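Structural features, examined
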Amino acid sequence: MLRLKVLASGSAGNCALLTVGAGVTTRAILLDCGLSPRRTRRLLTESGVRPDQIDHILVTHFDTDHCHRGWANADLANTRIRYHITHNTQARTILRRPDHLRPFDDDPIDLGEGLTLTPVRLAHDEEGVTAFRIDAPNASLAYATDLGRATPELIDTCKGVGTLAIESNYCPELQHASGRPAFLKERIMSGRGHISNQQSADAARAIDPADRVVLLHLSRQCNTPQRALDAHAPLGRPVTVTDQIEPTDWIPVAAPRSRAQPSLFEHAT
Ligand SMILES: [Zn+2]
């Protein structure tokens, strides 16, 4: 059994908790570590997970909102920090924890006990970002944030996943109307920054998850939960909107769509 709880999502810090199994055998994985170790520990405890149950931290990229600099000094016990090899210099400079750092390349990797991680590389600022598909027996999750744009490779890799967590960063109307400097608007909307509600909804429709869509990294200045929900409503899937401060409820990660089960949108995409 896989369960997801997004502890925080947005430009002030991103961290999601994925647990495997139940009870004393539970192991846990963090997706990004953009909150301070102290706040992360508190949220883990409130979620009923001990910090020593975290065996992996998967990092999408090393911007401060995805990797809090405090992790350089955190007690990591047996936790391995995993990230794409292109981020190796950043990881070593920022975290300085060679014993815990385990870069991966483009191939799927085994996270143990039947869990497989398939990475997808995307353009985001200078160093790019990694999206994850995580498969367990009877459950599969895609976790994709700070996308720049949803590429065909992302859609192919995540197609028919059980539960889709994807960013829905901004509403273009609010982005244009905001007092942000032109260079920042350009950076965000250039295809190397973030994706809009509509781009997110289009990607979700193409990926066509079997169950729930979880919306990540909403801009507080240039989006509202209602605008994100409205864009995703036509898909007809249950939707969870994540928050910068309030963790979500536990979200059971659903089984992927079986090949025999036809997509609702097979002819529409
Ligand atoms: Zn971010």
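Residues numbered from 1 in each chain as written. Predicted model: local features only at pLDDT ≥ 70, side-chain atom pairs only at ≥ 80, totals over all residues. Heavy atoms only, no water.

1. Observations regarding the coordination of the zinc ion
- Of the protein atoms, only Asp-65 (OD), His-66 (NE2), Asp-146 (OD) and His-217 (NE2) coordinate the zinc ion, at distances of 2.2 Å.
- We note that the donor set of the zinc ion lies within a single chain, spaced as D-H-x79-D-x70-H. Residue Asp-146 is found in the loop between strand E10 (139–144) and helix H3 (152–158), and its partner His-217 is found in the loop between strand E12 (213–216) and helix H7 (225–232); the two are separated by 71 residues along the sequence. His-217 shares its class with Asp-146; the two are buried. (Donors = N, O, S within 2.8 Å, 3.2 Å for Na, K, Ca; no water. Helix = DSSP H or I, 4+ residues; strand = E, 2+ residues; numbered from the N terminus. Buried < 20%, exposed > 50% of the residue type's maximum accessible area, 1.4 Å probe, protein only.)

2. Re the sheet that holds strand E14 (residues 251–252)
- Strand order across the open sheet formed by seven strands is E6-E5-E4-E3-E2-E1-E14, with mixed pairing between neighbours. With partners counted over all chains shown, the strands left at the sheet margins are strand E6 (101–104) and E14, one partner each.
- The sheet contact formed by strand E1 (residues 2–8) and E14 spans two bridges and is antiparallel. Paired with Arg-3 across the two strands is Pro-252, which belongs to E14. (Pairing = 2+ DSSP bridges.)

3. Some words on the environment of Ala-28
- Here Ala-28 is to be found in strand E3 (residues 27–31).
- On the basis of relative accessibility, which here comes to 0%, the residue Ala-28 falls in the buried class.
- Ala-28 sits 225 residues away from Val-253 along the chain, and the two C-alpha atoms are 14 Å apart.
- Those residues in contact with Ala-28, other than ones at most four positions away along the chain, are Leu-17, Leu-18, Thr-19, Val-49, Gln-53, Ile-54, Asp-55 and His-56. (Contact = heavy atoms within 4.5 Å.)

4. A word on the pairing of E12
- Residues Val-213 and Leu-215 of E12 are buried on one face, and the alternating residues Val-214 and Leu-216, pointing to the opposite face, are buried as well.
- Where strand E11 (residues 163–167) and E12 come together, four bridges link them in parallel fashion. Directly across from Leu-164, in E12, lies its bridge partner Val-213.
- Summarising the sheet, E12 and strand E13 (residues 239–241) pair through three bridges and their orientation is parallel. Paired with Leu-215 across the strands is Val-241, a residue of E13.

5. Overview of the sheet that holds strand E7 (residues 109–112)
- A sheet is described by the order of its strands in space; here seven strands give the open sequence E7-E8-E9-E10-E11-E12-E13, paired in mixed fashion. Edge positions in the open sheet fall to E7 and E13, since each of these has one partner strand only. The sheet shows a mean angle of 20° between the axes of neighbouring strands, direction not considered.
- Note: E7 against strand E8 (residues 115–122), three bridges, orientation antiparallel. Bridged to Asp-110 within E8 is Thr-116.
- Packed onto the sheet, helix H6 (residues 197–207) meets E11 and E12 and runs at close to 155° relative to E11. (Axes fitted to C-alpha atoms, helices over the stretch in contact; angles between N-to-C directions.)

6. Examining H7
- Every buried residue belonging to H7 is among Ala-228, Ala-231 and His-232, and all of these are buried. Taken down its axis, H7 places every buried residue within 95° of arc, on the same side. (Arc of directions from axis to C-beta.)

7. Section: H6
- All of the buried residues along H6 are Asn-197, Ser-200, Ala-201, Ala-203, Ala-204, Ala-206 and Ile-207.
- Contacts made by the buried residues of H6 are with H3, E11, E12 and H7.

8. A few points about a negative patch on the surface
- On the surface, Asp-105, Asp-106, Asp-107, Glu-153 and Asp-156 cluster together to form a negatively charged patch.
- If you trace the backbone, Asp-107 turns up in the loop between E6 and E7.
- On the basis of relative accessibility, which here comes to 47%, the residue Asp-107 falls in the partly exposed class. (Patch = residues over 30% accessible without salt bridge, like charges linked within 9 Å, V, L, I, M, F, W, Y side chains within 5 Å. Areas by Shrake-Rupley, 256 points an atom, 1.4 Å probe, with all protein chains shown as cover. Salt bridge = Lys/Arg side-chain N within 4 Å of Asp/Glu carboxyl O. Lys, Arg positive; Asp, Glu negative; His and termini not counted. Charge placed at Lys NZ, Arg CZ, Asp CG, Glu CD.)

9. A closer look at the side chain of Ser-200
- Its location among the elements puts Ser-200 in helix H6.
- Ignoring sequence-local partners within four residues, the contact set of Ser-200 consists of Ile-166, Glu-167, Ser-168, Ile-195, Leu-215 and His-232.

10. A word on the side chain of His-87
- Locating His-87 in the fold gives a position in the loop between strand E5 (80–84) and helix H2 (88–95).
- Dropping the residues within four chain positions of it, His-87 is found in contact with Thr-60, His-61, Phe-62, Arg-121, Glu-127, Gly-128, Val-129 and Thr-130.

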